[in-house]
Amino acid sequence: MTAAPPSRHTARYSPDNAASAPDGRLFSPVFARNFPPVLAALVPWLAGCRGAVLEIGCGTGQHAAGFALAFPGLAWWPSDPDGGHRASARAWAAELRAPERAPIALDAGEDWAALPGVRALGPLRAVLSMNVIHIAPPAVMRGIVAGSASVLAPDGLLIFYGPFLEEGQPTAPGNAAFDAGLRADNPDWGLREVGTLRRLAGEHGLTLAAQVAMPANNQLILFRKPA
Ligand SMILES: C[S@@+](CC[C@H](N)C(=O)[O-])C[C@H]1O[C@@H](n2cnc3c(N)ncnc32)[C@H](O)[C@@H]1O
């Protein structure tokens, strides 16, 4: 029997498919490209804020460590269902001398808002999820929105970053190919439509605060819980 070819899309980093260090740090090949513009786009929304932020699907944890240093007034909590990712996030925080916050084991397709480790954080200033909802089943997008509506503080933000589809608008060729490749790897994966996300957020009482075009056909989409 022939083994299935490995996926071309990385949902899970490990020393087998990503650069790594002996202390458990994993290196995302796109971190260096994504981090500076995402940080710059988040500054107007998060600089000077206080409270706790939950990052869902932190991957290697490089973003979480960088954001924790960039926003010292915020307690930045990484989370991921993958133990190797959580170990990497912890190791990156130690390496960069970012505040160490034990990454939370969290599957966004489940009732994560009820987890004791999440409830202990109190009402959240923001929930951020980067590059997760297209490489996970739709239940994960629904879970992130529903859970965030429950855990966000009044005026809190739910923030998504990644590639999206726009109803009635042509898709950039790179994103169309990416979407087709994701769906070929897993029929439950694929770029999500902004309109679908917006309607879902509205059903949970969250309103669109901003939609920011980012490099490489990505977007930063921010929803707000009413004050
Ligand atoms: C493409 S990686 C993105 C990692 C990181 N956010 C970044 O932008 O570099 C997708 C991440 O989604 C996480 N993920 C997959 N399914 C998930 C789920 N059900 N709940 C939460 N995170 C999930 C994976 O473990 C992985 O860390």
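Each remark here, short or long, concerns the structure printed above.
Caption draft 1: Expanded view of the nonpolar core. In this structure, Trp112, Leu158 and Phe160 are the most contacted members of the largest nonpolar core, which totals 32 residues. Elements with a minimum of two residues in this core: strand 3 (51-56), strand 6 (124-130), helix 5 (138-151), strand 7 (152-162), helix 7 (194-203) and strand 11 (218-224). Examining the composition of this core, we find that six residues originate from one element, helix 5, more than from any other. Counting 29 residues, the second largest nonpolar core, distinct from the first, contains Ala65, Ala126, Tyr161 and Met214.

Caption draft 2: Representation of unusual backbone geometry within the structure. One non-glycine residue, aspartate 155, adopts positive backbone phi at about 75°. Within the secondary structure, aspartate 155 is located in strand 7. The phi angle at alanine 216 is positive, at roughly 60°, despite the residue not being glycine. Here alanine 216 lies in the loop between strand 10 (207-214) and strand 11.

Caption draft 3: Examining helix 7 more closely. Among all positions in helix 7, only Val194, Gly195, Leu197, Leu200 and Ala201 are buried. Tucked into the core, helix 7 has its buried residues touching helix 5, strand 7, strand 8 (164-165), strand 9 (192-193), strand 10 and strand 11. A positive phi of about 80° marks glycine 205, the residue just after helix 7.

Cut-offs and rules
Residue numbers run consecutively from 1 along every chain, following the written order of its sequence. Since the coordinates come from a predicted model, pLDDT governs what is reported: local features require at least 70, and pairs of side-chain atoms require 80 or more to be given and counted, while whole-chain, interface and lining totals use all residues. Side-chain measures were taken over the full set of non-hydrogen atoms in the model, leaving aside hydrogen atoms and water. Working definition of a nonpolar core: buried Ala, Val, Leu, Ile, Met, Phe, Trp, Tyr and Cys residues. They are joined through side-chain atoms within 4.5 Å. In this scheme, a residue with accessible area under 20% of its type's maximum is buried, one over 50% is exposed, and one in between is partly exposed, where area comes from a 1.4 Å probe on protein chains only. Secondary structure elements are taken from DSSP: a helix is a run of H or I of four residues or more, a strand is a run of E of two residues or more, and numbering for both begins at the N terminus. Contacts were defined at the residue level, with two residues in contact if any of their heavy atoms lie within 4.5 Å.

These results come straight from atomic positions and should not be treated as a statement about function.
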